[in-house]
Amino acid sequence: MTIEPKDMLQGIAAIIAIFSLIVATKALLLNLERSRRELAVRLIYDWANHLDWETSRAIRMAAELPSYVITAIQCRESVLVPVKYYETMTSLLRTEFTNDVFSKPPEDGSFRITIEHSAFIRHLWVKWLNRLEGTLAAWHRGAADISLMRVEFEPLIVGSEAVLKKLQSLWDGMPVTREFCRLYDEHKSIQVSEPLGLFSWISREAFTPATQSR
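Just so we're clear, the structure is a prediction, and the values are computed from it rather than from any experiment.

1. A look at the packing of helix α5 (residues 115–140) against helix α6 (residues 146–159)
What describes two packed helices is the angle between their axes and the distance between those same axes.
Part 1 of the reasoning: Taken N-terminus to C-terminus, the directions of α5 and α6 make an angle of 145°; their axes are 11 Å apart at the nearest point. Handedness of the crossing formed by α5 with α6: left-handed. Only Ile146, Met149, Arg150, Phe153, Glu154, Leu156 and Ile157 of α6 make contact with α5, whose side of the interface consists of Trp128, Leu132, Thr135, Leu136 and Trp139.
Part 2 of the reasoning: Partitioning the contact of α5 with α6 into residue classes produces nine nonpolar, one polar and two charged.

Have a look at this one:
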C-alpha cells in the first residue's frame, strides 16, 4: 500500500496539531496551579496582616459571652453584661469610645452597654465574618490552592467552631459560610470542592481533605 505524499503531510499536520494541543493544555494547567497558589498566598497574607486587634478581641469575646448578650448585640440593643466580662468588654469599647466612663460594678453585679456599644461590637463581628466568607469562597470552590489553604485556615475554622455557632444568625445570610458550616456539621470534617480545572464541567465531585474530626 502506497502512502501518498498528501496523506503523509496531513498525518504529520495532525500529529503536530495534537502535540501543540498537549503542550498548550499543560501550559494552561501549570498557569492554573500557579494562579491557585498565588491566590492562596495572597489570602493568607491578607488574613495575617489585616486583622486588627479590635476585631480579633471581639471574636474571642463572642465565644465567651452568654447567649442573651450575643442576641442583644446582634440586634443592636442595650444589655446588662455580667461583671466577669467587664475587663474584656471595656478594653474593647475604649478603643472606639474614648470619652465614655465605664464604672466597674460590684463583684456580683453587672454593667450596661449602650445601643452604640452593641452596634460597634456587631460591626466587628460582621467585618470578621465578611472576611471569612471571602476566604471560604476561594477555598470551598477550589479557586485557591487546597493544600495551602488547609494548612493555614483549617486550624482557624476548627478553633472558631464555638464562635460560628454563637454568631449563626449573622452568617446565615452568607451563602458560602452557610454551606461550609452545613457540610462541616453533616460530615464532621471540612469539605471542599474539587479544584477548578480545564474539565471541571465534566465532574464536580466533592472530596474530603485530611482533617481532624470534632
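2. Some points on the packing of aromatic side chains
Part 1 of the reasoning: Under the counting rule described, the total for this entry stands at five aromatic pairs.
Part 2 of the reasoning: The interplanar angle of 70° and the centroid separation of 6.1 Å between the aromatic rings of Trp47 and Trp128 together place this pair among those described as edge-to-face. With a gap of 81 residues between them, Trp47 in helix α1 (residues 5–49) and Trp128 in helix α5 connect regions that are remote in the sequence.
Part 3 of the reasoning: For Trp128, a relative accessible area of 3% puts it in the buried group.
Part 4 of the reasoning: For the pair Trp139 and Phe180, a centre-to-centre distance of 5.6 Å together with 50° between the ring planes defines the contact as tilted.

3. Regarding the nonpolar core
Part 1 of the reasoning: In terms of nonpolar packing, the biggest core is built from 53 residues, with Leu65, Ile121, Trp125 and Leu167 touching the most fellow members.
Part 2 of the reasoning: A total of ten residues in this core trace back to one element, the largest contributor, which is α5.
Part 3 of the reasoning: If we skip the residues at most four places from it in the chain, Trp125 touches Ala58, Ile59, Ala62, Leu65, Ile70, Ile73, Gln74, Leu167 and Leu170.

4. Looking at unusual backbone geometry
Part 1 of the reasoning: If you check the backbone angles, Arg76 has positive phi at about 60° while not being a glycine.
Part 2 of the reasoning: Structurally, the position occupied by Arg76 is in the loop between α3 (67–74) and β1 (79–82).
Part 3 of the reasoning: The exposure class of Arg76 is partly exposed, given its relative accessible area of 43%.

5. Overview of the packing of helix α4 (residues 86–93) against α5
Part 1 of the reasoning: Look at α4 against α5: their axes get within 11 Å of each other, and the N-to-C directions meet at 85°. One element, α4, and the other, α5, form an angle in the roughly perpendicular class. For the pair α4 and α5, contact is made by Met89, Leu92 and Leu93 and by His117, Phe120, Ile121 and Leu124, respectively.
Part 2 of the reasoning: Considering only residue class, the contact of α4 with α5 consists of six nonpolar, one polar and no charged.

6. Side note on α4
Part 1 of the reasoning: Of all eight residues in α4, six are buried, a share of seventy percent or more.
Part 2 of the reasoning: Contacts made by the buried residues of α4 are with α2 (53–62), β1, β2 (110–113) and α5.

7. A closer look at the pattern of salt bridges
Part 1 of the reasoning: Per the stated rule, a full pass over the model turns up four salt bridges.
Part 2 of the reasoning: The partner of Lys127 in a salt bridge is Asp52, and the shortest N-O contact between them spans 2.9 Å. On the criterion of sequence distance, the pair formed by Lys127 in helix α5 and Asp52 in the loop between α1 and α2 is long-range, its members being 75 residues apart.
Part 3 of the reasoning: The class of Asp52 is partly exposed, set by a relative accessible area of 25%.
Part 4 of the reasoning: For Arg182, the salt bridge identified is with Glu186, shortest N-O distance 2.8 Å. Pair noted here: Arg182 and Glu186 are both in helix α9 (residues 175–187), with a separation of four residues, about one helical turn.
Part 5 of the reasoning: Relative accessible area serves as the criterion here: at 41%, Arg182 is assigned to the partly exposed category.
Part 6 of the reasoning: Judged by relative accessible area, Glu186 falls into the partly exposed class, the value being 49%.
Part 7 of the reasoning: What emerges from the salt-bridge pattern is a single network uniting Glu179, Arg182 and Glu186.

Thresholds applied
Residues numbered from 1 in each chain as written. Predicted model: local features only at pLDDT ≥ 70, side-chain atom pairs only at ≥ 80, totals over all residues. Heavy atoms only, no water. Axes fitted to C-alpha atoms, helices over the stretch in contact; angles between N-to-C directions. Helix = DSSP H or I, 4+ residues; strand = E, 2+ residues; numbered from the N terminus. Left-handed = near helix turned anticlockwise from the far one by under 90°. Contact = heavy atoms within 4.5 Å. Nonpolar A, V, L, I, M, F, W, Y, C, P; charged D, E, K, R; others polar. Phe/Tyr/Trp six-rings, centres within 6.5 Å; stacked < 30°, edge-to-face > 60°. Buried < 20%, exposed > 50% of the residue type's maximum accessible area, 1.4 Å probe, protein only. Core = buried A, V, L, I, M, F, W, Y, C linked by side-chain atoms within 4.5 Å. Parallel < 35°, antiparallel > 145°, perpendicular 65-115°, else oblique. Salt bridge = Lys/Arg side-chain N within 4 Å of Asp/Glu carboxyl O.

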